[in-house]
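Residues per chain, in single letters:
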Amino acid sequence: MPTSPPEPRAVCLGESMIVLVPDQVGPLEDSAVFHRSAGGAESNVAGTLAGLGIATSWLSRLGADGFGRYVLADIAARGVDVSGVELDPLRPTGLYVKERAAPAAGSGLDTEQAGESGGTDSGGGRRADGDGAADGPDGVGPDRDGPDTVGPDGVGPAADASAGGVSTGDASAGDGADGPGADGRGANRRSGAGQGDVTRRRMHYYRSGSAASVMSPALLAGGPQRELLAAADLVHVTGITAGISDSAAELLFTLLRQPRADTLVSFDLNWRPILWHDRDPATLTRLCALADIVLLGSDEAEAVLGAADPARLREILPEPRTLVVKNDAHDAVAVDRDGAQTTVQALRVDVVDTVGAGDGFAAGYLAATLRGLPPRQSLRLGHLCAALALTVAGDHGPPPPPESVDALLTCTDQQWASIVVGADGIRTSP
Ligand SMILES: Nc1ncnc2c1ncn2[C@@H]1O[C@H](COP(=O)(O)OP(=O)(O)O)[C@@H](O)[C@H]1O
Ligand SMILES: O=C(O)C(=O)C[C@H](O)[C@H](O)COP(=O)(O)O
């Protein structure tokens with residue numbers, strides 16, 4: 001009897017936080033009721049990989065507090081194995097708050113990420129607007145000082161893992177009037193179909209001193225973690241981990257330098273400027289060079305690597321097997337070692353919230369790659385999962401309907417271009 005090949009296994013490693021979203025649009029000081037959820041780049045990827053049927057574990061640290069237990073349960077409920085997560089009795093679970101502002105009148109754009117600058121540790125480089133002191137709650141977590149302030153240039157203080165306090169990196173969605181910022185993302189980056197009325201979100205982060213910020217190479221030596229990593233076909237990490245503390249950066253270097261036979265290592269640049277203002281972003285370039293698959297936006301590539309063009313990026317990063325560059329027009333370009341490029345345009349989407357789109361893309365692309373699908377189909381599954389993440393207010397979307405996936409990955413380019421993804425499902429429109 002023929003045996004089928006073993007199912008691929010993935011491990012994602014990085015910090016996840018509690019997310020608080022006010023139930024109304026307006027400044028935080030007027031917001032009395034918040035809804036909680038769980039968010040974090042790597043666990044977003046883990047959950048979507050699991051939803052796509054890939055056996056996935058998430059490795060991290062959380063506070064042994066109510067928020068930590070909630071985050072753990074939420075990620076486990078998505079089908080992710082959490083046996084490699086450590087609970088810290090002393091340090092809290094990190095958190096971030098999504099402040100909701102009214103849509104920019106007449107912009108016709110998703111302005112959530114418009115006008116980004118340096119000084120953010122938020123998803124996708126949302127702008128730090130310098131009001132962190134006013135917005136942060138006092139005393140987050142046990143024995144916490146109040147949040148650190150974010151300076152007038154929008155660059156907050158160090159996210160210092162050794163500090164007792166939980167700092168806030170205040171990272172705004174911007175209002176479109178801010179213009180392109182230091183990370184080079186343009187104001188119309190998110191323009192696309194059906195995006196006229198997107199609520200803007202400003203992100204406030206309280207994560208330094210968190211349980212995850214003290215991640216170090218020791219995490220890799222733990223029994224469960226060692227076994228999970230040894231069995232993995234894919235290990236996924238991001239630049240956020242390198243920015244949260246020196247010990248977490250050391251963990252990434254240790255992990256990515258370990259000899260690996262068939263295990264793929266993917267690295268999503270996830271440039272969060274506020275985490276880097278007193279660190280050398282060259283660290284990120286060195287980590288990219290150690291990965292097999294590097295996922296990056298052209299704007300963040302420009303900010304960190306000094307180039308946005310896929311061919312030029314290939315010259316700067318000759319080592320990885322594949323670079324996947326997502327550009328401002330929402331195309332994704334996979335570049336192999338020989339410089340051969342495959343480009344796939346994004347789907348049209350009724351965007352609700354942009355946070356988590358990059359993670360959705362990463363999960364879809366990586367799941368397809370793990371299953372041995374060709375680059376064009378892998379990029380399509382990336383776009384599909386990104387589109388689904390864009391249609392929900394939370395940081396991760398529903399898994400794609402399994403019965404439609406094959407058809408979506410193999411349809412003609414013309415059919416692909418006619419697909420629209422909304423909260424009500426996937427439809428075609430001429
Ligand atoms: N406006 C949009 N319309 C359609 N797809 C989009 C749009 N914005 C983002 N996407 C999808 O999300 C993917 C990731 O976008 P990216 O800007 O890299 O996200 P992030 O900033 O969250 O990392 C894109 O490759 C695309 O598939
Ligand atoms: O900023 C962080 O540290 C987080 O992990 C919070 C968010 O869940 C991700 O940032 C979403 O990332 P994108 O998919 O790039 O929008």
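Every chain is numbered on its own, with residues counted from 1 as its sequence reads. Chains carry letters and ligands carry numbers; both start at the beginning, A for chains and 1 for ligands, and go up in the order they are written. pLDDT decides what is reported in this predicted model: residues at 70 or higher carry local features, side-chain atom pairs at 80 or more are listed and counted, and totals for whole chains, interfaces and linings draw on all residues regardless. Note: side-chain values were computed over all heavy atoms of the structure, leaving out hydrogens and water.

Draft legend 1. Examining the layout of surface pockets more closely. Reported here for the second largest pocket is a volume of approximately 250 Å³. The helix and strand labels rest on DSSP assignments: H or I over at least four residues marks a helix, E over at least two residues marks a strand, and numbering proceeds from the N terminus. Breaking the lining of the second largest pocket down by element, the ones donating at least two residues are α11 (357-370), α12 (375-390) and α13 (402-410). The greatest single-element share of the lining of the second largest pocket, amounting to five residues, is contributed by α13. Points on a 1 Å grid, built from protein atoms alone, make a cavity when a 1.4 Å probe fits but cannot get out and make a pocket when they are open with protein on both sides within 12 Å along at least 5 of 7 lines; residues with an atom within 4 Å of a point are the lining residues. Grid points are joined across faces, edges and corners, and a volume is the space filled by probe spheres set on the points.

Draft legend 2. Focus on the site of ligand 2. One heavy atom within 4 Å of a molecule or strand is enough for the residue carrying it to be called near that molecule or strand. The immediate surroundings of ligand 2 are formed by 20 residues, with Ala41, Arg207, Arg272, Gly356 and Asp359 found nearest. For the purposes of these results, a polar contact is taken to be a pair of N or O atoms within 3.5 Å, where, inside protein, one atom must be able to donate a hydrogen and its partner to accept one; residues adjacent in sequence count only when each atom of the pair is a side-chain atom. In the environment of ligand 2, an oxygen atom lies 3.3 Å from a nitrogen or oxygen atom belonging to the backbone of Gly40. The separation between an oxygen atom of ligand 2 and a polar main-chain atom of Ala41 is 2.7 Å. Contributing elements (two or more residues each) for the shell around ligand 2: α1 (41-51) and α11. No other element matches the three residues that α11 contributes to the shell around ligand 2.

Draft legend 3. Representation of the pattern of salt bridges. Just to be clear on terms, a salt bridge is a Lys or Arg side-chain nitrogen sitting within 4 Å of an Asp or Glu carboxyl oxygen. Across all of its chains, the model carries 14 salt bridges by this definition. Of the charged contacts in the structure, one is a salt bridge between Arg61 and Asp88, with a shortest N-O distance of 2.9 Å. Of this pair, Arg61 sits in strand β4 (residues 55-63) while Asp88 sits in strand β5 (residues 85-88); the two residues are 27 residues apart in sequence, bridging distant segments of the chain. One salt bridge connects Lys98 with Asp353, and the closest N-O pair in it is separated by 2.9 Å. Of this pair, Lys98 sits in strand β6 (residues 95-101) while Asp353 sits in the loop between β15 (348-349) and α11, and the two are 255 residues apart along the sequence.

Draft legend 4. How the structure looks around the sheet that holds strand β16 (residues 419-422). Pairing within the open sheet is mixed, and its three strands lie in the order β15-β16-β17. For this open sheet the edge positions go to β15 and β17 (425-428), each flanked by a neighbour on one side alone. Strand direction decides the pairing type here: β16 and β17, joined by four bridges, are antiparallel. Considered in β17, the bridge of Gly422 is made with Gly425. Two strands pair under a simple rule: DSSP has to find at least two bridges between them.

Draft legend 5. View of α11. To estimate how far a helix should extend, the number of its residues minus one is multiplied by 1.5 Å. The end-to-end C-alpha separation of α11 is 20 Å, in line with the 20 Å expected for 14 residues at 1.5 Å each. Phi turns positive one or two residues past the end of α11, at Gly372, with a value near 80 degrees.

Draft legend 6. Structural context of the UniProt feature "domain: Carbohydrate kinase PfkB" (unreviewed entry) in the chain. UniProt positions are given in the numbering used here, feature names are shortened, and annotations may be inferred rather than shown by experiment. In the numbering used here, UniProt assigns the feature "domain: Carbohydrate kinase PfkB" (unreviewed entry) to residues 9-99 and 210-396. Secondary structure across residues 9-99 comprises 25% helix and 38% strand; the distance between its end C-alpha atoms is 36 Å. With 45% helix and 18% strand, the stretch residues 210-396 has end C-alpha atoms that lie 22 Å from each other.

Draft legend 7. Structural context of the sheet that holds strand β12 (residues 322-326). Strand order in the open sheet formed by nine strands is β5-β4-β1-β9-β10-β11-β12-β13-β14, and the pairing between neighbours is mixed. Edge positions in the open sheet fall to β5 and β14 (341-345), since each of these has one partner strand only. On average, each strand axis in the sheet is tilted by 15 degrees relative to the strand beside it, whichever way the strands run. Here, residues are in contact when the closest pair of their heavy atoms is within 4.5 Å. Lines fitted to C-alpha atoms define the axes, with helix axes restricted to the stretch in contact, and inter-axis angles between N-to-C directions lie between 0 and 180 degrees. Packed onto the sheet, helix α2 (residues 66-77) meets β4 and β5 and runs at close to 175 degrees relative to β4.

Draft legend 8. Structural detail: the environment of Arg337. Examined against the element boundaries, Arg337 turns out to sit in the loop between β13 (331-336) and β14. Relative accessibility decides the category of a residue: with a 1.4 Å probe and only protein chains considered, values under 20% of the type maximum give buried, values over 50% give exposed, and everything between is partly exposed. Given the relative accessible area of 52%, Arg337 is considered exposed. Residues Arg337 and Leu317, spaced 20 residues apart in sequence, show a C-alpha to C-alpha distance of 9.5 Å. Once you skip the residues sitting within four places of it in the chain, Arg337 turns out to touch Arg314, Pro318, Glu319, Pro320 and Arg321. Among the polar contacts made by the side chain of Arg337, one reaches the main-chain carbonyl oxygen of Glu319 at a distance of 3.1 Å.

Draft legend 9. Summary view of the pairing of β5. When β4 meets β5, the two strands line up parallel, connected through four bridges. Within the sheet, the bridge partner assigned to Arg61 lies in β5 and is Glu86.

Draft legend 10. Fine view of the nonpolar core. Each nonpolar core is a collection of buried residues, namely Ala, Val, Leu, Ile, Met, Phe, Trp, Tyr and Cys, held together in the definition by side-chain atoms within 4.5 Å. Counting 58 residues, the largest nonpolar core has Leu49, Trp58 and Leu381 as its most contacted members. With nine residues, α11 is the largest single contributor of residues to this core. Listed in part, the 46 residues of the second largest apolar core include Ala232, Val237, Val265 and Leu275.

Draft legend 11. Quick look at α1. Among the eleven residues of α1, ten are classified as buried, and the element is accordingly described as predominantly covered. Turning to α1, its buried residues are Ala41, Glu42, Ser43, Asn44, Val45, Ala46, Gly47, Thr48, Leu49 and Ala50. Once α1 finishes, Gly53 follows within two positions and takes phi at roughly 90 degrees, a positive value.

Draft legend 12. Local environment of the state of the cysteines. Only a pair of cysteine sulfur atoms within 2.5 Å counts as a disulfide in this structure description. Following the criterion strictly, the structure yields zero disulfides and no others. Of the cysteine sulfurs around Cys288, a residue in no disulfide, the closest is that of Cys12, at 17 Å. Judged by relative accessible area, Cys288 falls into the buried class, the value being 0%. Distance from the sulfur of Cys385, which forms no disulfide, to the nearest cysteine sulfur (Cys12) is 13 Å. Taking relative accessible area as the criterion, Cys385 reaches 4% and is therefore assigned buried.

Draft legend 13. Seen up close, the packing of aromatic side chains. Side-chain rings of Phe, Tyr and Trp (the six-membered ring for Trp) are treated as a pair once their centres are within 6.5 Å; stacked means planes under 30 degrees apart, edge-to-face means over 60, and tilted covers the remaining angles. One pass over the full model with this rule turns up three aromatic pairs. Pairing Tyr96 with Tyr205 gives two aromatic rings, centres 4.8 Å apart and planes at 20 degrees, and the pair type is stacked. Here Tyr205 lies in strand β8 (residues 200-206) and Tyr96 lies in strand β6, a separation of 109 residues in the sequence. By relative accessible area, which is 2% here, Tyr205 ends up buried.

Draft legend 14. The arrangement of the side chain of Thr283 in detail. Within the secondary structure, Thr283 sits in helix α8 (residues 282-290). Excluding residues within four positions of it along the chain, Thr283 makes contact with Ala242, Phe253 and Trp276.

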